[in-house]
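Summary of structural features
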Amino acid sequence: MFAVMPFHKRLAELSYIEQSRELNEQEYDDLEICLKANMHFVRKIVNLYELSYLASATDDVGWQLEICGQIDELIEGKGLQS
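Note that the structure is predicted; figures quoted are calculated from it, not measured. The written sequence of each chain sets the order in which its residues are numbered from 1. The model is predicted, so local features are restricted to residues of pLDDT at least 70 and side-chain atom pairs to those at 80 or more, both for listing and for counting; the totals for chains, interfaces and linings are taken over all residues. With hydrogens and water excluded, all non-hydrogen atoms of the structure serve as input to the side-chain values.

Here the focus is the environment of Asn-38. By the element assignment, Asn-38 lies in helix H2 (residues 25–57). For Asn-38, a relative accessible area of 22% gives the class partly exposed. Not counting residues up to four positions away in its chain, the partners in contact with Asn-38 are Phe-7, His-8 and Leu-11. Helix and strand labels come from DSSP, where a helix needs a run of H or I of at least four residues and a strand needs a run of E of at least two; each type is numbered from the N terminus. Using a 1.4 Å probe on the protein chains alone, a residue whose accessible area is under 20% of its type maximum counts as buried, one over 50% counts as exposed, and one in between counts as partly exposed. In what follows, residue pairs with any heavy atoms lying within 4.5 Å of each other are defined as contacts.

Before going further, it helps to spend a moment on the side chain of Ser-52. As for its position among the elements, Ser-52 is in helix H2. Given the relative accessible area of 9%, Ser-52 is considered buried. If we ignore the near neighbours within four places in the chain, the residues touching Ser-52 are Gln-64, Ile-67, Cys-68 and Ile-71.

Glancing now at the environment of Leu-74. Along the chain, Leu-74 falls in helix H3 (residues 61–75). For the pair Leu-74 and Ser-20, spaced 54 residues apart in the sequence, the C-alpha separation amounts to 34 Å.

On to the pattern of salt bridges. Salt-bridge detection follows one rule: a side-chain nitrogen of Lys or Arg within 4 Å of a carboxyl oxygen of Asp or Glu. Tallying each qualifying case throughout the model produces 4 salt bridges. For Glu-13, the salt bridge goes to Arg-10, with nearest N and O atoms at 2.0 Å. Placement of both Glu-13 and Arg-10 in helix H1 (residues 6–20) is noted, with a separation of 3 residues, approximately one turn of the helix. The salt bridge partner of Arg-21 is Glu-27, with a shortest N-O separation of 2.8 Å. Its relative accessible area of 39% is what places Arg-21 among the partly exposed residues. Bridged by salt links that share partners, the residues Arg-10, Glu-13 and Asp-30 form one connected network.

Below is the structure:
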């Protein structure tokens with residue numbers, strides 16, 4: 001499952017704007033913020049998917065359920081703060 005987060009929407013908007021004109025200073029700042037947010041999101045979710053695979057490979061159902069809960073929270077936007 002993949003979640004479209006607010007920063008993904010803003011990235012798409014900025015990309016659309018950039019097709020017709022140069023981004024202004026505020027838009028470039030927004031772009032940088034969104035790219036950093038996306039980097040953190042991807043790093044976190046990939047790490048959780050890898051841990052989930054490890055839990056599955058070691059038949060640790062409890063650990064896998066815990067990790068899946070963290071994935072769900074991240075996709076819902078609750079796990080982005082840490």
